[in-house]
Each structure stands twice: as structure tokens, then as C-alpha cells.
2 protein chains.
Amino acid sequence: MTKRAVVLHSGGMDSSTLIYWAMQEGFEVFALSVFYGQRHRRELSSACEVAYKAGVNYKQINLSSLSYFLAGSALTSTDVPVPEGLYDEESMKATVVPNRNMILFSIAGGYADSIDATTIMGAQHAGDHAVYPDCRPDFMYATRYALSLATEGRVFLDAPFVHFDKSRIAGIARSLEVPLELTWSCYKGGDVHCGRCGTCTERIEAIWNAGFRDPTEYEPGTYAATLKLLREAGKLRR
Amino acid sequence: MTKRAVVLHSGGMDSSTLIYWAMQEGFEVFALSVFYGQRHRRELSSACEVAYKAGVNYKQINLSSLSYFLAGSALTSTDVPVPEGLYDEESMKATVVPNRNMILFSIAGGYADSIDATTIMGAQHAGDHAVYPDCRPDFMYATRYALSLATEGRVFLDAPFVHFDKSRIAGIARSLEVPLELTWSCYKGGDVHCGRCGTCTERIEAIWNAGFRDPTEYEPGTYAATLKLLREAGKLRR
């Protein structure tokens, strides 16, 4: 029997790349998106398009009631503005959803155990470590251990990008021919990427530093402006 | 400021007792019930009644979509019969919901962090260790550690009954004057406790062994029959 993996899939660059990574590793992939009330609901249709293009199994689960319980984040509350420009620790903190990754991993773990998948995968990476404690390696290892106990060793949590930076993931995306133009990063949730918010800025930086042409459609004029900002901040490698 | 605790509350004897325990420990209690598609939905109205009687904050969260993802359990699927009589490992296994407690703890953890509660509490006890791996102390400790990392030490998972058997919890319920007649254990989800299913049998045994009159309304004739079964199995201490 082919080994199965549940891949947590936001529709962004990182988790889309992870789907292709898992396929290359020989897994039958079951991509899973969770709607937890995020304002950037737009990412879910991107998630579906990427899964369809990749030819993997795909499910969305609607847990929007969670948004009433996980308060105070710019990602779920319209009271809190989405931060723009370069992410610093302070502005990124507005995008913390309390305990989000533990919730996502536990649901993916239950789903995996239901379909006899042996692995769940998340695309957390080093760029998120400073602000999001639930993206850090020590949290991953602790959660892996808890999940292993809860499932009596049947389900393993893997986070293969946890020590990579985002430009390395962009490079992997390029080599695995991930359809990056279908993926969605922007927290603003408009028709095209805003090109200005924190995640757009990170996306532009990562793809630029990976050294290939950015296939993303940004709001007119924003790409050059954000690149300039990144260059002035010393973030660009070429 | 009063310290706050989120108590996971099923409406059963154990978690209802835990609410009173937490109150006695000086916590401002926020009881939380999760509807994950369990057939015994009846327990949720009991949960509300107990919380109201105790005078604590109470919320229910509807995550019924989860039932499509956590397959194969008698508790969420009408295809699988609820086991009757004395629980043995085999029959209890039909009531395992994949990774349920990790999901519940992670949601409680996010909720706790949102309302500045420092503690989440679950009523897992020793009677469940054999069959439910996500009720065992090692799972509790691993999840406590993962939650502590995810919240940077702000939220602590406590399971004060994890080494107690159910009759000890019944004794605590008695001494804390928990309104046991309002609590709900039966997995069948009828109007009164069926008196025959695995959890009814456990409830009858626990209250009998704690040595006080059982205030539960069971289906006529079942209480005596189940006691007889328990006595023949050598489960009764008096």
C-alpha cells in the first residue's frame, strides 16, 4: 500500500511546495485546509486550485466557530488592522492566532488516523520562529511526541522545512515546478496580491532571493516599491 | 485579578466535578463544551445546566464538521453500534474518537490564551487509561509541554484526576455537592440514562463504590440488573 500523508494546506507558497515535496517523497497526499475564520478566505480557493493542479486528494473543513474563541488577531478580527511593510516582531504579533498550529496539527492528526495515513506535514519554516512560538522546532518536537502518544505511534508529525528560510522554500518550489502563480500569500484578501502587507513583502523577498522571476500578480506599482524598501533594508541578496 | 481556568466540560460526572474542584481551588471558571458530532448530543444540555447551577461562565463551540474527518467511532457514526454491558478493551475501542483529546486541549488552550486564563483542565482519569491513549498521564505531560511552548508558558494543562479512579471522583463529587442528577453519562442519548451501555455501567459502579445513593434516573429495571452484573463480575466493593 502506498504510504499516505495529510498535508496542512493554506494555499500559500510554503504549504503548496510541501504538497509537491511529499509527492516526490512517494506519499499519497491528502491536502487539508481549515477555515478558522481567517479574513484572507481567498487563500482557500487558491488551496483548492493548487491541490487540483497537483492531482492530490483535497478537503476543506469549516471550523469558523473557532474565530469567536481565538480573539485578538488581525487574521480573524476586523477590529485589528493587518500590518503593512516589512514585518518586525511587533507588527507580526498582531497576526498571531492563539494556539493555531496545535489546533491544526491535532485535527490533521485525527484525520490521518481515520484514513490510515502515517504522517502529517506542516510547512512551518525558520522565518516564523521569532514571532510565532508554535512554528519553532521545540514546539514541533513536543507536538510530534504528544501526537505519537495519542495515536500509539501510528501518526508522525513531520515539518521538513522547519530549519529552512523562505527563500530556500521558493527555490524548492522552483525545482519541483510548483505552480506558484496559483498560490496565495496576501493577508488582505483582495483580488490580486496587495504587494504591501507583511506576507506579500516576505513573498517578494523570498522569490527575489531565490533568483527567478516572480510569477505573482501584485497591485500595480507595488512590486517595485516593495523591492526598493527591501533593498534599503538590506534584505536582498542580489 | 482572580486566576482563570478553562475547564473542558462534557456534561458528565467527571468534568462536572472538575468545575466544582476548580472553583474550590479559587479559579474563575470558564467551562467549554465542544460539539464534535457526538451522537449523545444530550450531554450538551446537561453541560449547560451544570454550568448554570455552578454559576460559572459557559460556552459551547460547534465543530460538527469534525465528525466527517474523525471517522469510525461509535460516538460519531451511526454505522457503529454503541457497546453495551461491562466495558472490556475491545468494546471500549469502538468509542475511540481519533485524537479527540489533543483537539479539545488545543482549542481550550487557544481559548484560554484569548481570555488570559492561565490554566486549562481536563477530567481524564485512570479508568480510561487502558483503552484511550489520549487519557494517559504520558500523553497529558507531553501535551502540557507542547501547549506551554505554543503559548510561551502562559497556559498550563492540568488534569488533577488523571491518577484517580472513577469512584474516587464520585466521592469528590459528593463532598463538593456536585449536582450529579443534572450530569449526563449515557452514550445512547435517550431521555433518561439507558442503564445498560458501557458508560452507564461505569457510572453505576463508581457511585455505588463511593457509597452513596445514586441520584441518576435510569430506564426502569436496568439499575438493579446492571448492579447484579457488576456484582457477578466482582466489581462492587460493598
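Scoring rules and cut-offs
Residues numbered from 1 in each chain as written. Chains lettered and ligands numbered in written order. Predicted model: local features only at pLDDT ≥ 70, side-chain atom pairs only at ≥ 80, totals over all residues. Pairing = 2+ DSSP bridges. Helix = DSSP H or I, 4+ residues; strand = E, 2+ residues; numbered from the N terminus. Axes fitted to C-alpha atoms, helices over the stretch in contact; angles between N-to-C directions. Contact = placed C-beta atoms within 7 Å. Core = buried A, V, L, I, M, F, W, Y, C linked by C-beta atoms within 7 Å. Buried ≥ 20, exposed ≤ 12 C-beta atoms within 10 Å, placed from the backbone. Parallel < 35°, antiparallel > 145°, perpendicular 65-115°, else oblique. Left-handed = near helix turned anticlockwise from the far one by under 90°. Nonpolar A, V, L, I, M, F, W, Y, C, P; charged D, E, K, R; others polar. Right-handed = clockwise from strand over helix to strand, strands pointing away. Least-squares fit on C-alpha atoms with pLDDT ≥ 70 in both. Arc of directions from axis to C-beta.

**Student:** Before we move on, can you summarise the sheet that holds strand 5 (residues 156-158) of chain A with the specific residues and values?
**Tutor:** All names here are of chain A. Ordered in space as 3-2-1-4-5, the five strands form an open sheet in which the pairing is parallel. Only two strands of the sheet have a single neighbouring strand rather than two, namely strand 3 (57-62) and strand 5. Taken pair by pair, the neighbouring strands of this sheet meet at an average axis angle of 25°, ignoring direction. Inspection of the sheet shows strand 1 (residues 4-8) paired to strand 4 (residues 119-121) by three bridges, in the parallel sense. If you follow Val6 over to strand 4, its bridge partner there is Ile120. Packing of helix 1 (residues 13-24) onto the sheet brings it into contact with strand 1, strand 2 (28-35) and strand 4, and relative to strand 1 it is tilted by some 170°. Packed on one face of the sheet, helix 4 (residues 100-114) meets strand 1, strand 2, strand 3, strand 4 and strand 5 and runs near 155° to strand 1.

**Student:** I'd love a proper account of the nonpolar core, names of residues and values included.
**Tutor:** Counting residues in each nonpolar core, the largest one holds 140 residues, and the members touching the most others are Val7 and Ile19 of chain A together with Ile19 of chain B. When near neighbours in sequence (up to four residues on either side) are disregarded, Ile19 of chain B contacts Val7, His9, Val29, Ala31, Val50, Ala51, Ala54 and Val56 of chain B.

**Student:** Before we move on, can you summarise the packing of helix 1 (residues 13-24) of chain B against helix 6 (residues 166-175) of chain B with the specific residues and values?
**Tutor:** All names here are of chain B. Where helix 1 contacts helix 6, the axes come no closer than 9 Å and their chain directions differ by 45°. When the axis of helix 1 is compared with that of helix 6, the two are oblique. Note on packing geometry: the crossing formed by helix 1 with helix 6 is left-handed. Contact with helix 1, carried on its side by Met13, Asp14, Thr17 and Trp21, involves Ile169, Ala170, Ile172 and Ala173 of helix 6 and no other residues of that element.

**Student:** For the interface of chain A and chain B, give the residues involved together with the corresponding values.
**Tutor:** Size of an interface: often given as the accessible area lost when the parts come together. At the junction of the two partners, chain A supplies 34 residues and chain B supplies 34 residues. Those elements that place two or more of their residues in the side of chain A that touches chain B are strand 3, helix 4 and helix 5 (137-150) of chain A. The element best represented in the side of chain A that touches chain B is helix 4 of chain A, accounting for eleven residues. Of the residues belonging to the side of chain A that touches chain B, the class tally is 18 nonpolar, eleven polar and five charged.

**Student:** Hey, could you go over the pairing of strand 2 of chain A for me, with residue numbers and the actual values?
**Tutor:** All names here are of chain A. Buried residues dominate strand 2, accounting for six of its eight residues. Pairing geometry for strand 1 and strand 2, over five bridges, is parallel. Within strand 2, the residue paired with Val6 across the bridge is Phe30. With helix 1 bridging strand 1 and its parallel neighbour strand 2, the resulting β-α-β unit is right-handed.

**Student:** Describe the relation of the copies chain A and chain B, naming the residues involved and giving the relevant values.
**Tutor:** With an RMSD of 0.0 Å, the operation that places chain A on chain B is a rotation of 180° combined with a shift of 0.0 Å along the axis. Put plainly, the chains are arranged around a two-fold axis. In this assembly the copies share their binding face: 100% of the residues contributing to the interface of chain A also contribute to that of chain B.

**Student:** I'd like a description of the environment of Tyr223 of chain B, backed by residues and values.
**Tutor:** Residues and elements named next belong to chain B. Structurally, Tyr223 can be placed in helix 8 (residues 222-232). When the C-alpha atoms of Tyr223 and Arg196 are compared, they prove to be 8.1 Å apart, with 27 residues separating the residues in sequence. The contact partners of Tyr223, leaving out residues within four places of it in the chain, are Gly195, Ile204 and Tyr218.

**Student:** Give a detailed account of helix 6 of chain B, specifying residues and quantitative values.
**Tutor:** All names here are of chain B. For helix 6, the full list of buried residues reads Lys166, Ile169, Ala170, Ile172 and Ala173. Relative to the axis of helix 6, the buried residues are bounded by an arc of 160° and lie together on one face. In this structure, the buried residues of helix 6 make contact with helix 1 and helix 7 (198-210). After helix 6 finishes, the residue Glu177 shows a positive phi value of roughly 60°.

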